[in-house]
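Here are the chains, one letter per residue:
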Amino acid sequence: MNLQRKDKNTLIIGIGNEFRIDDAIGLHVARRLKELLLENVEVIEASGEGAELLELWKSYDKVFAIDAVCSGNNPGKIYRFNVHTEKPPTKFFNYSSQ
């Protein structure tokens, strides 16, 4: 699955689950960004499954993933990580079936 068009070099992935209230934030952000029709930017929604994400972003120059995490901080706290220079805290990668 290669979604990239020749004129798009940046991918924004809104990650989440529509039925898990705050876990849907990535999807809502992606929907708002799609409305902006950003030049050279592809905006998609995804569930967050690892293999799917790798396949989606493999042919883009820049990728931004927007997702909710359980960090222990107040709701709305934004974290930004450049995975080329730092590792995101492992506490953000807990999966559950709730």
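1. Description of the sheet that holds strand E1 (residues 10-15)
(1) Moving on: With parallel pairing, three strands are arranged side by side in an open sheet as E2-E1-E3. Sheet topology places strand E2 (41-46) and strand E3 (62-66) at the edges, where each strand pairs with a single neighbour. In this sheet, neighbouring strand axes are inclined to one another by 20° on average, regardless of whether the strands run parallel or antiparallel.
(2) Moving on: As defined by bridge partners, E1 adjoins E3 across five bridges and the pair is classed as parallel. Looking across to E3, one finds that Leu11 is bridged to Val63.
(3) Moving on: Taken strand by strand, helix H1 (residues 25-36) contacts E1, E2 and E3, and its axis lies near 150° from that of E2.

2. Observations regarding the nonpolar core
(1) Moving on: By size, the foremost hydrophobic cluster in this structure holds eight residues: Leu11, Ile13, Ile15, Ile44, Ala46, Leu53, Leu56 and Tyr60.
(2) Moving on: Within the residue set of this core, elements represented by two or more residues are E1, E2 and helix H2 (50-57).
(3) Moving on: Top contributing element to this core by residue count: E1, with three residues.

3. A look at the environment of Gly76
(1) Moving on: Mapped onto the fold, Gly76 is located in the segment after E3.
(2) Moving on: On a C-alpha basis, the gap between Gly76 and Ile25 in space is 9.9 Å, while along the polypeptide they are 51 residues apart.

4. A closer look at unusual backbone geometry
(1) Moving on: Here the phi dihedral of Leu37 falls at roughly 50°; this positive angle occurs in a residue that is not glycine.
(2) Moving on: Looking at the secondary structure, you find Leu37 in the loop between H1 and E2.
(3) Moving on: Positive phi is not limited to glycine here, since Asn40 has a value of about 60°.
(4) Moving on: By secondary structure assignment, the location of Asn40 is in the loop between H1 and E2.
(5) Moving on: Judged by relative accessible area, which is 33%, Asn40 ranks as partly exposed.

5. Description of the pattern of salt bridges
(1) Moving on: Tallied over the entire structure, the rule returns five salt bridges.
(2) Moving on: Here Glu18 ties to Arg31 by a salt bridge, and the two come within 2.7 Å at their closest N and O atoms. Of this pair, Glu18 sits in the loop between E1 and H1 while Arg31 sits in helix H1, and the two are 13 residues apart along the sequence.
(3) Moving on: Linking Glu55 and Lys58 is a salt bridge whose minimum nitrogen-to-oxygen distance equals 3.1 Å.
(4) Moving on: Look at the salt bridges and you will find they share partners, linking Glu18, Arg31, Lys34 and Glu45 into a network.

Definitions and limits used
Residues numbered from 1 in each chain as written. Predicted model: local features only at pLDDT ≥ 70, side-chain atom pairs only at ≥ 80, totals over all residues. Heavy atoms only, no water. Pairing = 2+ DSSP bridges. Helix = DSSP H or I, 4+ residues; strand = E, 2+ residues; numbered from the N terminus. Axes fitted to C-alpha atoms, helices over the stretch in contact; angles between N-to-C directions. Contact = heavy atoms within 4.5 Å. Core = buried A, V, L, I, M, F, W, Y, C linked by side-chain atoms within 4.5 Å. Buried < 20%, exposed > 50% of the residue type's maximum accessible area, 1.4 Å probe, protein only. Salt bridge = Lys/Arg side-chain N within 4 Å of Asp/Glu carboxyl O.

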